[in-house]
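Coordinate inspection notes
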Amino acid sequence: MRSKQTIEVFARRMAVSQNTNDEIDIFFSAKSVAIYGASATPNSVGQAIVQNFIKPQFTGRVYAVNPKYSQVLGIPCYPSLQDIPDEIDMVVVAVPARITPRVFEDIAAKGVKAAIVISGGFSETGPRGAELEDQIVKIARENGIRVIGPNCVGVIDTTTHIDTFFLPEYRCSRPRASNVANISLVSQSGAFAAAIADWTAELGIGMSKIISLGNKCDVDDDDLLRYLAADDSTQVICFYTEGYDPGKGRSFFDTAKEVTPHKPVIVVKSGRGKRAKEAASSHTGSLAGSDQVAGAAYKQAGVIRADNFEHMFDMARALAMQPPARGDRVLMVTNGGGLGVMTTDALEAEGLAIPHPSPELTERLQERLPSYCAIGNPIDVVGDSDSSRYDIVFEEALKSGEYDIVVVGMLLQTPTLGMDITNVIANHQRQSGVPFVAVAMGGAFTSKAGEIMELMGVPTYATGEKAAVAAKALATYGEIKYRDKFRRTLFPDNP
Amino acid sequence: MKIAKKIFETARSENRSFVLENEAKEIMRAYGIPVPPFDTATTADEAVEKSKEIGFPVVLKILSKDILHKSDAGGVKVNLRTEDEVREAFQTIMENARKYGEEHGIDVDLSRGVFVSKFADEGTEVIIGVTRDPQFGHAIMFGLGGIFVEVLKDVTFRLIPLTESDAREMIREIKAAKILDGIRGQPPRDTDALVKVILAVSKMVEENPEIRELDCNPTFVYEKGNGALVVDARILIDV
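On a predicted model such as this, the values are computed, not experimentally measured, just so you know.

The next point concerns the overall build of chain B. For chain B, the helix and strand inventory stands at eight helices and 10 strands. Computed over the C-alpha atoms, the radius of gyration of chain B is 18 Å, within 12% of the 18 Å expected from 2.2 N^0.38 for a compact globule of 239 residues. On the principal axes, the C-alpha backbone points of chain B span a range of 45 × 45 × 35 Å. In chain B, buried positions account for 56% of the 239 residues. Of the contacts formed within chain B by residues at least 6 apart in sequence, a portion of 64% connects residues at least 24 apart. Surface accessibility of chain B: about 10500 Å² in total, with carbon and sulfur atoms responsible for 48%.

Now the structure itself:
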């Protein structure tokens, strides 16, 4: 009886979330888009957005709405949505805040179900702006319109090429989807969303979607967490948030608990110093900073909290490309002693175990490697090594079952180590299911090699510290996913 | 539990945002949270009689809807070992409460008398508390008492409700966790009993969301196998 009831409740919740996901999906899959406030003025927001949609990559239809023009950059322009002789899936609103209620009447009359409001001048500016925001939310609710924003830059989808960022591409590059694995980012801040788009494009990090939420008047973190959890083109979900509306932190927590066993979620949250606003009359109340409670909630829900964006993407790349670790024992293999020591120091500081190979494993390695290789942890295969010595170490170490993560140090400045190391890593990774992280320090040649390795699915880092952050993330997510089955050998005093 | 709802109703009808100590302890007892034996008394004679029933030494605390911070009002007397000490303590507490009222310009209600409780054997002091965060709702806190909480703010949080493994993690993850393992030859503390208290508090708050803040401070934890006791309890509610 009880289980039947539970199943019904579950089914109902899944149905609700499926509906929500279908509503959210329009923002990324719209086939016909209208840009309200499209402009013929060069360097204006209203023109920059139109420019994104007339690029050949976007294969949908686009319309401009502005009573001032009959066409903008060669696309037809109409005085209102209702004048457009086509169905519209999504509207991008870039008009002054004060006329947005009228625009929403038009959106409702046209029967459009998705709107992104780029414009600022709403609740972020004070009570008058908040009133305008309430007005558009009311119209949206009554007519079943989902709204992203206001006060945001909207969305980028690297597959459908829906792109409402009003930052011209020559100033703000757009990331691309990778064939291996992709990350999606949800950001409360539009400026950060743009900077990350530009930055991930430069670094060649595979991205699926970037969403800037702005004031979160309707669509919020929780909606996107649900959507991205079910999105096959997103392997890791990243959030930048400054805080939640009352009660919304709790709903995010509830959803995250369901998502994190299946897909990694990483959060950067600012506002660490702020204290809870509610006056406290108890000891506990006075000790509870809101950020501390947020940190506890993330931990409890299996959300990984990163200190900054650099860490976030170091973690996300590894989690996107590699399986989670089943334990905390790391093996470091390197062709340079200094790189090995520095990296193991960083791994130790992250609270990972770096056990020495067992006597049996040591013996096997000694048999097969030149006598001048140093066998310990790190294992130093020495500067004249080619990929075959790495191959031997991976084979023996993985067969022994003594390690859960392999960190591969490579100084590609040496003449002997070739790019075939990438295949060696990929083969052992696939056969063993053990995650690999690579660290290659150096200049132009090394960076290029790193890019190629990433195309083959091997996350590659420029320093040992960054590789250690990545390795730690693989262990942390392993603990989240496998819970009691995660083999933890190290119990630090202060985890 | 009905008892909690009834107590909160009474508090609200008196326009109190907090419950009295005996009420807090009754609610805790109903949720299986261990508290020292207690009773109430409205006269010195009754206080003596109840003290004898409970067994010396005892603690006396003022019970009044007008006094939240009992120590500040001189309303707490501890480690009372004889009938005479109890009688004297009762008089002093009443006198102090009257004075506190005069100083603060309030007519302090003394009709409820005092809370009489067994003076608990000293254990390792910990704090378990609850706060309501505007974004995340109810969260439970755990930390070691004394300087660890006052100076070092060595505390940890989880949202309510929490699982047993969450509770165990909390106890492990404070910086001074080693103290509970037993240092300098001391035997380990009864962390299983602490887990039970944390989970019971979580359940209590889950079933009574009108609880705004809560402190079990101090809670004493004893040697492994000897349990834990919530010595002082404060519950604040929505009015």
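This next bit is on the sheet that holds strand S2 (residues 58-62) of chain B. Residues and elements named next belong to chain B. In spatial order, the strands read S1-S4-S2-S3; together these four strands make up an open sheet with antiparallel pairing. Among the strands making up the open sheet, the edge pair consists of strand S1 (38-41) and strand S3 (76-80). Taking each pair of neighbouring strands and ignoring which way they run, the sheet shows an average axis angle of 20°. Across three bridges, S2 lies against S3 in antiparallel orientation.

All names here are of chain A. One open sheet holds the seven strands; their spatial order is S3-S4-S2-S1-S5-S6-S7, and the pairing between them is mixed. Looking along the sheet, the strands with just one partner apiece sit at the ends: strand S3 (71-72) and strand S7 (146-148). Sheet topology places strand S6 (residues 114-117) next to S7; three bridges connect them, and they run parallel. Across the sheet, residue Ala-115 finds its bridge partner in S7, namely Val-147. Sheet contacts for helix H3 (residues 100-110): strand S1 (32-36), strand S5 (90-93), S6 and S7; angle to S5, the most-contacted strand, approximately 170°.

This paragraph deals with unusual backbone geometry. Of note, the bond from Gly149(A) into Pro150(A) is cis; its omega dihedral lies within 30 degrees of zero at -5°. The residue Pro150(A) is located in the loop between S7 and strand S8 (154-157) in this model. A cis amide bond links Ile160(B) with the next residue in sequence, Pro161(B), at an omega value of 0°. Examined against the element boundaries, Pro161(B) turns out to sit in the loop between strand S7 (155-159) and helix H6 (164-173). Residues other than glycine seldom take positive phi values, yet Val382(A) does so here, at roughly 75°.

With that settled, consider the packing of helix H11 (residues 337-349) of chain A against helix H16 (residues 464-482) of chain A. Residue and element names in this part refer to chain A. Viewed as axis vectors pointing N to C, H11 and H16 meet at an angle of 40°, and their least axial separation amounts to 8 Å. On the basis of their axis angle, the class for H11 and H16 is oblique. Helix-helix and strand crossings are classified by hand; for H11 and H16 the assignment is right-handed. Across from Met-342, Thr-343, Ala-346 and Leu-347 in H11, the residues of H16 making contact are Gly-464, Glu-465, Ala-468 and Ala-471. When grouped by side-chain class, the residues that make up the contact of H11 with H16 number five nonpolar, two polar and one charged.

This paragraph deals with the packing of aromatic side chains. All names here are of chain A. Within this structure, the stated rule accounts for 15 aromatic pairs over all chains. Consider the rings of Tyr-240 and Phe-309, whose centres lie 5.5 Å apart with planes at 45°: the pair is tilted. Of this pair, Tyr-240 sits in strand S11 (residues 236-241) while Phe-309 sits in helix H10 (residues 309-321), and the two are 69 residues apart along the sequence. A residue is classified by how much of its surface remains accessible, and Tyr-240, at 5% relative accessible area, is buried.

Further remarks concern helix H13 (residues 387-400) of chain A. All names here are of chain A. With 14 residues, H13 ought to run about 20 Å at 1.5 Å a step, and its terminal C-alpha atoms sit 20 Å apart, in line with that. Of the residues making up H13, those classed as buried are Ser-387, Arg-389, Tyr-390, Ile-392, Val-393, Phe-394, Glu-396, Ala-397 and Leu-398. Buried residues belonging to H13 abut strand S14 (330-334), helix H12 (359-368), strand S15 (379-380), strand S16 (405-410), helix H14 (421-432) and strand S17 (436-440). Residue Gly-401 follows H13 closely and has a positive phi angle near 70°.

Below, the discussion takes up the pairing of S17(A). Residue and element names in this part refer to chain A. Where burial is concerned, most of S17 is hidden: five out of the five residues are buried. Burial of S17 is two-sided: the residues Phe-436, Ala-438 and Ala-440 facing one way and the residues Val-437 and Val-439 facing the other way are all buried. With five bridges joining them, S16 and S17 adopt parallel strand pairing. Its bridge partner lying in S17, Val-407 is registered against Val-437. Handedness of the crossover joining S16 and S17 through H14: right-handed. The pairing of S17 with strand S18 (residues 460-461) spans two bridges and is classified as parallel. By the bridge assignment, Ala-438 is partnered in S18 with Thr-460.

Residues and elements named next belong to chain B. Along its sequence, chain B is carved into domain 1 (2-118) and domain 2 (124-237). Taken together, the 23 residues of domain 1 in the interface contact 23 residues of domain 2. Its salt-bridge partner being Asp-232, residue Lys-61 comes within 3.5 Å of it at the nearest N-O pair. Taken together, the links from domain 1 to domain 2 amount to 10 residue pairs in polar contact (both at pLDDT 80 or more). Elements supplying a minimum of two residues to the side of domain 1 that touches domain 2: helix H1 (2-13) and helix H2 (21-30). In the side of domain 1 that touches domain 2, the residues fall into 14 nonpolar, two polar and seven charged.

We now examine the confidence of the model for chain A. Confidence along chain A averages 92 in pLDDT terms, with 93% of residues attaining 70 or more. Every residue in residues 274-279 of chain A is under pLDDT 50, and counting partners more than four places away or in other chains gives 13 contacts.

Right, let's get into the pattern of salt bridges. The final tally for this structure, using the stated rule, is 49 salt bridges over all chains. For the salt bridge of Lys269(A) with Asp291(A), the shortest nitrogen-to-oxygen distance reads 2.9 Å. Of the two residues, Lys269(A) is situated in strand S12 (residues 265-269) and Asp291(A) in helix H9 (residues 290-301); the sequence distance between them amounts to 22 residues. Of the charged contacts, one joins Glu173(B) and Lys299(A) as a salt bridge, the two residues approaching to 2.4 Å between their closest N and O atoms. With Glu173(B) in helix H6 and Lys299(A) in helix H9, this residue pair bridges two chains. A residue is classified by how much of its surface remains accessible, and Lys299(A), at 42% relative accessible area, is partly exposed. Salt bridges sharing partners connect three or more residues here, namely Glu310(A), Asp314(A), Arg317(A), Glu454(A) and Lys466(A).

What counts, and at which threshold
- Residues numbered from 1 in each chain as written.
- Chains lettered and ligands numbered in written order.
- Predicted model: local features only at pLDDT ≥ 70, side-chain atom pairs only at ≥ 80, totals over all residues.
- Heavy atoms only, no water.
- Helix = DSSP H or I, 4+ residues; strand = E, 2+ residues; numbered from the N terminus.
- Rg over C-alpha atoms; globule rule 2.2 N^0.38 Å.
- Buried < 20%, exposed > 50% of the residue type's maximum accessible area, 1.4 Å probe, protein only.
- Contact = heavy atoms within 4.5 Å.
- Areas by Shrake-Rupley, 256 points an atom, 1.4 Å probe, with all protein chains shown as cover.
- Pairing = 2+ DSSP bridges.
- Axes fitted to C-alpha atoms, helices over the stretch in contact; angles between N-to-C directions.
- Parallel < 35°, antiparallel > 145°, perpendicular 65-115°, else oblique.
- Left-handed = near helix turned anticlockwise from the far one by under 90°.
- Nonpolar A, V, L, I, M, F, W, Y, C, P; charged D, E, K, R; others polar.
- Phe/Tyr/Trp six-rings, centres within 6.5 Å; stacked < 30°, edge-to-face > 60°.
- Expected span 1.5 Å × (residues − 1).
- Right-handed = clockwise from strand over helix to strand, strands pointing away.
- Domains from an automatic or database assignment.
- Salt bridge = Lys/Arg side-chain N within 4 Å of Asp/Glu carboxyl O.
- Polar contact = N/O pair within 3.5 Å; in protein donor to acceptor, adjacent residues only side chain to side chain.
- pLDDT = per-residue confidence, 0-100.

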